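# Examination of the molecular architecture
For reference, the chains in residue letters:
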Amino acid sequence: MILDLMIWMPIISGFIILLIGKNYGSLTYWLSIFSSFLVFAVSLYALSIYDPTQVNIQFELIATWIDRFNINYHLGVDGISFPLILLTTFITPIVLLTSRTSEKSNLYQYLASFLILEGLMIGVFSALDAFLFYVFWEAMLIPMFIIIGIWGGKNRVYATIKFFLYTFLGSVFMLIAIIYLYIQTGSYSIFDFYNLDLSKTEQILIFLAFLFAFAVKIPMWPVHTWLPDAHVEAPTGGSVILAAILLKMGGYGLLRFSLPITPEASNELSIIMVVLSLIAIVYIGMVALSQTDMKKLIAYSSVAHMGFVTLGTFVVFLNHENASIDNMNMAISGAMIQMISHGLISGALFLCIGVMYDRIHSREISDYGGIALSMPRFAGLMVFFALANAALPGTSGFVGEVLVILASLKVNFWIALLSGTTLVIGAAYTLWMVKRVVFGKITNEKINDIQDVSAIELIPLMILAIMVLAMGLIPEPLMNLMYTSINNLSELVFLGAGL
Amino acid sequence: MTFNIIGSILPEVTIAIAICVVILINSLIRNVSVTFIHSVILFFLLFALFLSFVSLELPDSIIFNGHYVIDTFGTNLKIIALIAAILIHLASIKSKLNIKNEIFLIQLFATLGVLILCSAYNLLTIYLGLETLTLSMYGIVATNRNSIDATESAMKFFILGAIASAIFLYGVSIVYGVTSTLSLELIEESNLLDSLEMRIAVAFIACGIIFKFGAFPFHSWVPDSYQGSNTTAAIYISSVPKIGAFALIARLFMDALNVMSDFWSILILSAGLISIIIGNLIALMQINLRRMLAYSAIGHIGFVLLSFSIVNEGGISASLTYLLMYILMTISAFALIESISSEDRQHIELNDLRGLSNSHPLIAFMLLFCMFSMVGIPPFIGFYAKWIVLSELVNNGMIWYALVGVIMSVIAAYYYLRVIWFIYFEKSDQPIKNNGILNTHSITSVIVSVMLLLIGLYPNPIMDYTRVIISSFLLID
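A few points on the structure. (Residues numbered from 1 in each chain as written. Chains lettered and ligands numbered in written order. Predicted model: local features only at pLDDT ≥ 70, side-chain atom pairs only at ≥ 80, totals over all residues.)

## Some words on the overall build of chain B
If you tally the helices and strands in chain B, you get 21 helices and two strands. Its C-alpha atoms give chain B principal-axis dimensions of roughly 70 × 60 × 40 Å. Across the 477 residues that make up chain B, the buried fraction comes to 57%. In chain B, 80% of the contacts between residues at least 6 apart in sequence involve partners at least 24 apart. (Helix = DSSP H or I, 4+ residues; strand = E, 2+ residues; numbered from the N terminus. Buried ≥ 20, exposed ≤ 12 C-beta atoms within 10 Å, placed from the backbone. Contact = placed C-beta atoms within 7 Å.)

So this is what it looks like as structure tokens:
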């Protein structure tokens, strides 16, 4: 019931806004904010009654949907999906709040798209029926396509069609895999898939089919090329949601589908996954160094940071002698924390870039310099998020990366060393950007005249900063929230992979 | 007894009466109001629909010396055809457009042909229904007789159609030569052998059927006639005749010539597969909306045939499900295009759609539904259509064909997205004027488009329905 409310309330209010928006422009703004805050409140209530010590699925809801194919409307959360739902309900109100800071045509359509998107994203994280999951997963493309296409930058059409086709191509293979699993089990329930006895060849093919869908979404090297385009062209809110939540769906999919359904294949192909992750971390980090566009830089840094998620998910399989459930728990916890923390930090950085873009109308690093002189409050926050992006100890970015690096260290020294280079490379590209944008002399005259951030821009950034700091200093509560489910997952995977 | 026989063909009789009545009204009353004609036609169509529902209760029977069969399968297909005809009729009511009444009259003829095809149980009756349908379709395409395009496309259609009919008839005559009967029932019982003559006959008959579906290699009439004629004509020829074609393929191939399913399934499979590829690839290059939809229709029909070639209950009911959903989508698409076209703007091109989201927000939003449905994105029905066909393909070990299908769907997504791109992402200096009047056709088009979403949210009924139809059909054997 709680999940139902969280999925359908934003979708329905989105449609209401679409209906009445033409005549009641400013009312729709408050309506959308009210509705998204209500969803956030519901999710906080859910958090208060969620029992993290239970292995079972909570808030479970099951109803027949298409009985001929044994498809159920099956929702529920566990320690892996619940933090991501909280992230979704937390980020969306922030995005909606800041939606009025820049000029937009048909603002109500923009708000409605985000509300519908929010419902669908919560649906993806809470669906426990593979068919239902696919429905939410694909339906999500529609509002995102619209958001980038209508309110994006100059090259928006190219970017949004590229985004759509890439993700669509990835997901159709997943659809075939899901249909195949259904034919083997006679059910679309994800948990029935877990118990399936698949041969090694089948596992590898299914793993690859799922991987294609998730790798595009994460995005992993070499299918990441849609991301810089989509990020650069998307409006600020679109970039924030894209970076903060959409990318997490790939990582979530790996944990929900790939590992437990095809553990043997995960074990077998882990070397490929680790190599791809390291390429993302090291090579894409280098690519980020050479960017001149701020949004592109953050986009590439997202690819590099998401590399830690895939590394954490698969690294433990590499060394069978040292593989232990504890190490797996640590690696997956690291991956999860990295996802949440990247959601907060990259979201915040895109908001910061949005704030500057609204004033100067440029994303080029070279157009900036000396922001700190005219926008001192903003500059402080921007520097803080940049440091968090570079994984400064005490921020949430540090916790995730260190957990993954520690887990890798038990597997292989060289993997840990290579992934550790991110601390250097990450610091290099983020801080160098901050140096050129925030500090130095003012070269662009426009910067002299701009105002510092207004309250409506400042508050979301402050809240995000507090969250980043809190997670970095006391990651305990979040880890406790996830521990039981992650432990359960590790045991399942170890059993399945025969480790 | 006599009453029973007449009773079972009442829907056809009603349509025949409607045709006479409309002819009489048109010739006897001068300056008859268009609304009046529309109401008469609608009344008869609804009455025929009602009678078809009533005749669902009748026991299965073969009447007219084995020429005609009354069964659940045929009656349900009639119901579908009549509902489609009613929707199309509602969507075409547009008094401002300079469309002669004849087109609605000829549509009634075509509908009669489809109804006959649904129940025909003898090759002669089948040919009768087929020709009633085909000849009316030439007429529908040529209605706009002042337009060179329409005349040209009708001419092309006529020549190709005549050749296809001749080939079909030649196949029928070979069947008669081998089995010395034209009755489907007797052909089925005649202990056919998979001989060379029969293979030739089946191939010829398949040509006729594939032509009716408008699939590769007999697809070339589709784009020309969609583009050359007007939207009212295109909406009809893209939907209702396909139901007749489905009845034809089910009765002839699945029922009468089931023994040779190994042979004809290869023909249907290759026609379907190549249609998916050709249709979607060529559609990528189109800028005229109707022509683009024509090629996309070829691609959709490819899925119907691909699924039919599985030759089992699951495959054929998936095929019918896809067909139903395709018909709903195509009616929605053409009806929406109809409601933004005007007399001086008959050839809608992609460029004409610029700024539609501002001038016609509702129609634009509905076109968005329709296009995403055609791409196959849930929760719109187009997704369920693709998914159910893919399920059956994977279930029957045809996973490679399923892969071709999905990859072509991704490629196809581009040209559907391009429509949305022009509607929403491009601004226009001269947007299409919105007359702001809510009329029957725009209300119908909106309702049909909303159905794409509503059925998508709860697709159970339509899936159960097609399954019931097909299983009752296969039970008779």
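## Considerations on the interface of chain A and chain B
Frequently, the measure chosen for interface size is the accessible area that the parts lose on association. Facing the 25 residues of chain A at the interface are 25 residues of chain B. Of all the elements in the fold, those that place two or more residues in the side of chain A that touches chain B are helix H5 (130-139), helix H6 (141-151) and helix H7 (156-185) of chain A. Looking at the side of chain A that touches chain B, the element that brings in the most residues is H7 of chain A, giving 13 residues. Grouping the amino acids of the side of chain A that touches chain B by side-chain chemistry returns 20 nonpolar, one polar and four charged. (Nonpolar A, V, L, I, M, F, W, Y, C, P; charged D, E, K, R; others polar.)

## Here we look at the nonpolar core
Judged by nonpolar contacts, the single largest core of 373 residues is most densely connected at Ile176 of chain A together with Ala81 and Ile331 of chain B. Looking at this core, the element that brings in the most residues is helix H14 (residues 325-360) of chain A, giving 19 residues. Among residues more than four places away in sequence, those in contact with Ala81 of chain B are Thr111, Val114, Leu115, Cys118, Val240 and Ile243 of chain B. (Core = buried A, V, L, I, M, F, W, Y, C linked by C-beta atoms within 7 Å.)

## Considerations on the pairing of strand S2 (residues 71-77) of chain A
One face of the sheet, then the other: side chains in a regular strand alternate in exactly this way. All names here are of chain A. Burial of S2 is extensive: six of the seven residues sit out of reach of the surface. Pairing between strand S1 (residues 58-66) and S2: six bridges, direction antiparallel. Directly across from Gln58, in S2, lies its bridge partner Val77. The loop that links S1 with its antiparallel partner S2 comprises four residues; one of these, Asn70, has a positive phi angle of about 60°. (Pairing = 2+ DSSP bridges.)

## Re the packing of helix H4 (residues 72-92) of chain B against helix H12 (residues 240-256) of chain B
To describe two helices that pack against each other, one gives the angle between their axes and the distance between the axes. Residues and elements named next belong to chain B. Two numbers describe how H4 lies on H12: the axes approach to 9 Å, and their chain directions differ by 170°. Taken together, the axes of H4 and H12 are roughly antiparallel relative to one another. Contact residues: Gly74, Leu77, Ile80, Ala81, Ala84, Ala85 and Ile88 in H4; Val240, Ile243 and Ala247 in H12. Split by residue class, the contact of H4 with H12 holds nine nonpolar, one polar and no charged. (Axes fitted to C-alpha atoms, helices over the stretch in contact; angles between N-to-C directions. Parallel < 35°, antiparallel > 145°, perpendicular 65-115°, else oblique.)

## Points about helix H17 (residues 361-375) of chain B
Residues and elements named next belong to chain B. For H17, spanning 15 residues, the distance from its first C-alpha to its last is 21 Å, which sits close to the expected 21 Å at 1.5 Å a residue. Where burial is concerned, most of H17 is hidden: 11 out of the 15 residues are buried. When H17 is considered as a whole, its buried residues turn out to be Ile363, Met366, Leu367, Leu368, Phe369, Cys370, Met371, Phe372, Ser373, Met374 and Val375. Once H17 ends, the next one or two residues include Gly376, with phi positive near 100°. (Expected span 1.5 Å × (residues − 1).)

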